[in-house]
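Examining the three-dimensional arrangement
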Amino acid sequence: MSVGSAEMLFRVTALNADYAAAIDDDRLEEWPGFFVDQCLYKITSADNLRDGNEAGIVYADSRSMLADRVLALRRANIYERQTYRHIVGTARLMQSTAAEVRVETPFLVVRTMRDGRIDLFAAGRYRDWLDDHGDDLRFRERIVICDSSHFDTLVAIPL
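This text gives an overview of the structure that appears in the document. It should be emphasised that the depicted structure is a prediction, and the values quoted were computed from it without experimental measurement.

Taken across its eleven residues, strand β1 (residues 35-45) has nine buried, putting it largely inside the fold. As paired elements, β1 and strand β7 (residues 136-146) share seven bridges and run parallel to each other. When the sheet's bridge partners are listed, Ile-43 is paired in β7 with Val-144. As defined by bridge partners, β1 adjoins strand β2 (residues 58-60) across three bridges and the pair is classed as antiparallel. Each bridged residue has a counterpart across the sheet, and for Lys-42 the counterpart in β2 is Tyr-59.

Next up, the structure:
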């Protein structure tokens, strides 16, 4: 691994850690800030991806849509209180240029419900296309690919 790729891997790891912490610490208003204005965020399954089905169970194609999702979570949607704990694996650099990075990262999400029940909620990988503008990496595209094609109806909080 070259020095440049080691530095990029560190930056991607830091981005993933900050992203997960914002969600896990219920700082959801910060979540859209991890994305560029014109972005794509989608949650789908490995089966859907393999079969070429583009629709996901969550789909947003701009940072404004992500902000609207957070606003709906805070003010309109009714769902059982829960928290997530992300366990994010080591990213694998797929492609890196001066302006963009493509990376894939495995993840697990553990969900804790208000009554104390703990579930392994989701397992899969992030397939990311990142914009690199010097100091900041931002998601141009984050496709959340869940290993299971069965989704709990409470996919309320972003993965």
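So that's the structure; there's more coming.
Within the secondary structure, His-150 is located in the segment after β7. Overall, the relative accessible area of 69% leaves His-150 in the exposed class. Distance in space between the C-alpha atoms of His-150 and Ala-122 is 9.8 Å, their sequence separation being 28 residues.

Ranked by size, the top nonpolar core spans 37 residues in total, and within it Tyr-19, Phe-35, Tyr-41 and Leu-159 carry the most contacts. Mapped by element, the contributors of at least two residues to this core are α1 (3-24), β1, β2, α3 (63-75), β5 (100-113), β6 (118-133) and β7. A total of seven residues in this core trace back to one element, the largest contributor, which is α1. In this structure Tyr-41 touches Tyr-19, Trp-31, Phe-35, Val-58, Tyr-59, Ala-60, Leu-66, Arg-142, Val-144, Pro-158 and Leu-159, once residues within four positions along its chain are discounted.

Attention now moves to a nonpolar patch on the surface. A cluster of nonpolar side chains, Ile-87, Leu-108 and Leu-120, forms an exposed patch at the surface whose accessible area comes to about 280 Å². Note on Leu-120: relative accessible area 59%, which makes it exposed.

Position of Ala-91 among the secondary structure elements: in the loop between β3 (82-88) and β4 (92-96). Judged by relative accessible area, which is 7%, Ala-91 ranks as buried. Once the C-alpha coordinates of Ala-91 and Glu-104 are considered, the two residues, 13 residues apart in sequence, prove to be 5.7 Å apart. What Ala-91 contacts, discounting residues up to four positions off in sequence, is Leu-9, Val-12, Val-103, Glu-104 and Thr-105.

Turning our attention to the state of the cysteines. Inspection of the entire model under this criterion finds zero disulfides. Among the cysteines around Cys-39, which has no disulfide bond, Cys-146 carries the closest sulfur, lying 18 Å off.

Once that is clear, we can look at unusual backbone geometry. What you tend to see is this: most non-glycine residues have negative phi, and most peptide bonds are trans. Residues other than glycine seldom take positive phi values, yet Asp-26 does so here, at roughly 60 degrees. Within the fold, Asp-26 resides in the loop between α1 and β1. On the accessibility criterion, Asp-26 (45% relative accessible area) is partly exposed.

Relative to the 18 Å expected for 13 residues at 1.5 Å per residue, α3 spans 18 Å between its end C-alpha atoms, a close match to the ideal helical length. Considered for burial, the residues of α3 that qualify are Leu-66, Val-70 and Leu-73. All buried residues of α3 fall inside an arc of 60 degrees around its axis, so they share one side. Opposite the packed face of α3, turned more than 90 degrees from it, sit the exposed residues Ser-64 and Arg-75. Against β1 and β2 lie the buried residues of α3.

Reading the values: rules and limits
- Residues numbered from 1 in each chain as written.
- Predicted model: local features only at pLDDT ≥ 70, side-chain atom pairs only at ≥ 80, totals over all residues.
- Heavy atoms only, no water.
- Buried < 20%, exposed > 50% of the residue type's maximum accessible area, 1.4 Å probe, protein only.
- Helix = DSSP H or I, 4+ residues; strand = E, 2+ residues; numbered from the N terminus.
- Pairing = 2+ DSSP bridges.
- Core = buried A, V, L, I, M, F, W, Y, C linked by side-chain atoms within 4.5 Å.
- Contact = heavy atoms within 4.5 Å.
- Patch = residues over 30% accessible without salt bridge, like charges linked within 9 Å, V, L, I, M, F, W, Y side chains within 5 Å.
- Areas by Shrake-Rupley, 256 points an atom, 1.4 Å probe, with all protein chains shown as cover.
- Salt bridge = Lys/Arg side-chain N within 4 Å of Asp/Glu carboxyl O.
- Disulfide = S-S within 2.5 Å.
- Expected span 1.5 Å × (residues − 1).
- Arc of directions from axis to C-beta.

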